[in-house]
Amino acid sequence: MAFRNSLFFLLFGLMTINNVTAAPTDTTPSQQPINISLFQNNLAQVNTILEKVVGKSLLRKLNLSLLTELANGSHDLRESIRGTLKKKDAYSFNASDFNNLKVLLKAINAPGALVSKVAFRKTVKDFPADAKQSINISLNSILKMSVGIMAKAKENTKEILIQPIIAEEQSFAFGPAVSHQLTPIAMCYVDLAFFNQTGGGDKAVMRNIGTLKLLLLGKAQVVDKVKIYSMSDANKEKLVERIFNKERSKSRPSGQELTNEMIYQIYDRVRGEILKKINPQFNCDTVKQQFGQ
């Protein structure tokens, strides 16, 4: 797509020049006070400039030559960068997001950044100079705040991990158990050894089945949007029995006695779905790492 509006990008440069005095290509982040408004504005400018230069298709295809080359070795690269560009909350950014912006910045500054194809003919050209200057300013400003944002995000993440996955007003009871017991950190410390200890061996006992059923109800509410908190005890029991039988059929061959190992296989699979729903970056390894485990 032809670059038609130089004045548009000159205006972007003037808007940001008071905040960032230069547009260096060195993207090594340094500690800088976090200005959330500046962060959000810069991210919006990056999206606007990209759309202006190559059209909305870039947000779908990211058709920059270097990204196309890199994507051949990383199928999810362009999709990952698109996901980063769509984010609005600075504290939802993680290390992968900041790395995505570094890769994007490098691709924009690479010779022959833009690629277009018509039939069998390929056209290669540099990213327009004034647009490149403006987007360099915005991306470098974001990257310089990365250290502070990551530190703050880590504090926020710890707080999230010790909170119940179900809000107070939607909490529910299941037998002697309550949904408050389902926190990310607590779920991640349930392992096969836990089931064997509480069950007194590898034989599945009702207590372990009850632990699993509570998780299954939690998944039904968090992932499947079933209003467990408004159901009667009898209806909760009927629902969880159906879910339990369905999940059990995936782990236990027909006729084989249920064991704690099978219960754990189901538990591990289901909690993974819950953690992914809470945050696509979460799994038990990352959850434990937040607490130095």
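Located above this text is the structure these notes cover.
Residues numbered from 1 in each chain as written. Predicted model: local features only at pLDDT ≥ 70, side-chain atom pairs only at ≥ 80, totals over all residues. Heavy atoms only, no water.

A closer look at the packing of aromatic side chains
Phase 1: Applying the stated rule across the entire model yields four aromatic pairs.
Phase 2: Ring centres of Phe93 and Phe98 lie 5.4 Å apart, and the angle between their planes is 50 degrees; on these two criteria the pair is classed as tilted.
Phase 3: Residue classification places Phe93 among the buried residues on the basis of a relative accessible area of 2%.
Phase 4: When the ring centre of Phe93 is taken as reference, the NZ or CZ atom of Lys87 above it lies at 5.8 Å.
Phase 5: Against the face of Phe244 rests Lys213, its NZ or CZ located 5.4 Å from the ring centre. (Phe/Tyr/Trp six-rings, centres within 6.5 Å; stacked < 30°, edge-to-face > 60°. Buried < 20%, exposed > 50% of the residue type's maximum accessible area, 1.4 Å probe, protein only. Lys NZ or Arg CZ within 6 Å of the ring centre and 35° of its normal.)

Let's talk about the state of the cysteines
Among covalent bonds in proteins, the disulfide is the one between the sulfur atoms of two cysteines.
Phase 1: One pass over the full model with this rule turns up one disulfide.
Phase 2: Disulfide pairing places Cys188 opposite Cys284 at an S-S distance of 2.2 Å. Sign of the S-S torsion, about -85 degrees for the bond between Cys188 and Cys284, identifies this disulfide as left-handed. Residue Cys188 is located in helix H9 (residues 184-188), and its partner Cys284 is located in helix H14 (residues 284-289); the two are separated by 96 residues in the primary sequence. (Disulfide = S-S within 2.5 Å. Helix = DSSP H or I, 4+ residues; strand = E, 2+ residues; numbered from the N terminus.)

Regarding the pairing of strand E1 (residues 114-118)
Phase 1: By the bridge criterion, five bridges tie E1 to strand E2 (residues 121-125) in an arrangement that is antiparallel. Bridge pairing links Leu114 to Lys125 in E2.
Phase 2: Count of turn residues in the E1/E2 antiparallel hairpin: two residues, of which Ala119 carries a positive phi of about 55 degrees. (Pairing = 2+ DSSP bridges.)

Digging into helix H2 (residues 36-54)
Phase 1: Taking 1.5 Å of rise per residue, the 19 residues of H2 would be expected to cover 27 Å, and the 27 Å separating its terminal C-alpha atoms lies within 8% of that figure.
Phase 2: The complete set of buried residues in H2 reads Leu38, Phe39, Asn42, Leu43, Gln45, Val46, Asn47, Ile49, Leu50, Val53 and Val54.
Phase 3: Between the side-chain oxygen of the N-cap and the backbone nitrogen of Ser37 there are 3.3 Å, and the N-cap of H2 in question is Asn35.
Phase 4: Gly55 sits one or two positions beyond H2 and adopts a positive phi of about 85 degrees. (Expected span 1.5 Å × (residues − 1). Polar contact = N/O pair within 3.5 Å; in protein donor to acceptor, adjacent residues only side chain to side chain.)

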